[in-house]
Amino acid sequence: MEVSTIGFDRFKPLADDACESRIVAAKKALGERAVILGHHYQRADVYKHADLTGDSLRLSKLASQTDAEYIVFCGVHFMAEVADVLSKPHQKAILPDLSAGCSMADMANLAKVERAWREIGEVLDPDEKITPVTYINSAADLKAFCGEHGGIVCTSTNAREILQWSLNRREKVLFFPDQHLGRWTGYLMDIPLAEMLVWDPDEPMGGLTPQQIKMARILLWKGHCSVHQMFQAQHVLRWRQQNPTGQVISHPECNFEVCKLSDYVGSTDFIIKTIQQSAPGSRWLVGTELNLVNRLAEEMKPQGKVVQFMAPTVCMCSTMARIDPQHLAWSLENLVAGKVVNQIKVPQREAELARIALDRMLAVS
Ligand code: 13P
Ligand code: SF4
């Protein structure tokens, strides 16, 4: 029997609070058939419904381990794609709002990466000399490209191990789409800045000369996160003047100067754990998304720890915030009614190739 979809228009006018009890009831009705995964940047009124939370690496591992029929991803599009690629045949990955994308992931696409590969091919044989490495914040077809060309996926947690793996196999890396994570990781590996050159996909030959392509160790795709680019060196310097004993911790998507001025740089999981394990009464300046920082600041208050946000302006992952209580309630109630809405399904061949690159990452880290 064909089950019809419950329209979103019935959920749109609901107040956030009104969705709460409906989400709880739908979760109860679905029981172990559904698992809700939530990224640390998710807004509080959605995050609290997550069964499992984590950074991108942890969530991709959790997605590959769960047996639930429905993996409801409260994150962004590429995360739900990873869940689908790593899932078992009986499972379905769901993104409650399909417009929850990642602006950084959108800065690279297959046509531009293939063009870069062709252009580099005019100077050297990329399949012999270059490992393509895609940050997990990228579309599945780019992961598939890496799978097909001897490449790999990385996250902010394992970028160093992955770059080491890549440079052990071939002499150069093409790293996309986040130049900042690539540059910071290369710097930690003692690769001179002069050997990490930005590849501008909107310029012929990436804006580089054949000589520059030949001497580069890492070609850094000209991409960035619109949230993390808001954090600036001056924010750190000003805060340090006022808080001389305080500590600064940043996500590696921040620019190079911010990372260099920070005491610690790491993934969202790393940021949370480092502050949780710090001494009572300590003060922190945090360079990452606002929902995470607000949650952590509240959690740390009873221990007398002060956790402050790095930028003077609001920097939220506005695309992830599109997963609101209304969309979560809507997608769960449809599942209860037997209708799968907003399923994320990566085409089979693309999924097979993307899986190669993801499995290589999971084996390395
Ligand atoms: P993490 O893997 O550190 O959670 O980062 C994901 C992300 O999108 C940061 O902007
Ligand atoms: Fe993408 Fe930036 Fe949002 Fe992370 S914070 S999901 S990189 S837009």
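Heads up: the structure comes first, above all this text.
Parameters at a glance
Residues numbered from 1 in each chain as written. Chains lettered and ligands numbered in written order. Predicted model: local features only at pLDDT ≥ 70, side-chain atom pairs only at ≥ 80, totals over all residues. Heavy atoms only, no water. Near = heavy atom within 4 Å. Polar contact = N/O pair within 3.5 Å; in protein donor to acceptor, adjacent residues only side chain to side chain. Areas by Shrake-Rupley, 256 points an atom, 1.4 Å probe, with all protein chains shown as cover. 1 Å grid on protein atoms, 1.4 Å probe; cavity = no way out; pocket = protein on both sides within 12 Å on 5 of 7 lines; lining within 4 Å. Sits in = over half its atoms within 2 Å of the grid points. Nonpolar A, V, L, I, M, F, W, Y, C, P; charged D, E, K, R; others polar. Phe/Tyr/Trp six-rings, centres within 6.5 Å; stacked < 30°, edge-to-face > 60°. Buried < 20%, exposed > 50% of the residue type's maximum accessible area, 1.4 Å probe, protein only. Lys NZ or Arg CZ within 6 Å of the ring centre and 35° of its normal.

A. Expanded view of the site of ligand 1. The environment of ligand 1 is made up of His39, Tyr41, Asp55, Ser56, Tyr135, Asn137, Ser156, His228, His251, Glu253, Ser267 and Thr268. Take threonine 268: an N or O atom from its side chain is 2.6 Å from an oxygen atom of ligand 1. In isolation ligand 1 offers 310 Å² of accessible surface; the protein chains occlude 95% of this area. Put simply, ligand 1 lies in the largest pocket. For the shell around ligand 1, the residue count by class is two nonpolar, eight polar and two charged.

B. Highlighting the packing of aromatic side chains. Within the structure shown, the criterion is met by nine aromatic pairs. Ring geometry for tyrosine 264 and phenylalanine 270: centres 6.4 Å apart, planes at 55°, overall tilted. Given a relative accessible area of 34%, phenylalanine 270 falls into the partly exposed group. Three or more aromatic residues joined by ring pairs form one cluster here, namely Trp184, Tyr187 and Phe256. Arginine 295 extends its terminal NZ or CZ atom over the ring of tyrosine 47, reaching a point 3.5 Å from the ring centre.

C. Main features of the site of ligand 2. Taken together, the residues surrounding ligand 2 are Tyr41, Cys102, Ser103, Met104, Asn137, Cys225, Val227, Glu253 and Cys317. Among the detected pockets, ligand 2 sits in the largest pocket. Its residues assigned to classes, the shell around ligand 2 comprises six nonpolar, two polar and one charged.

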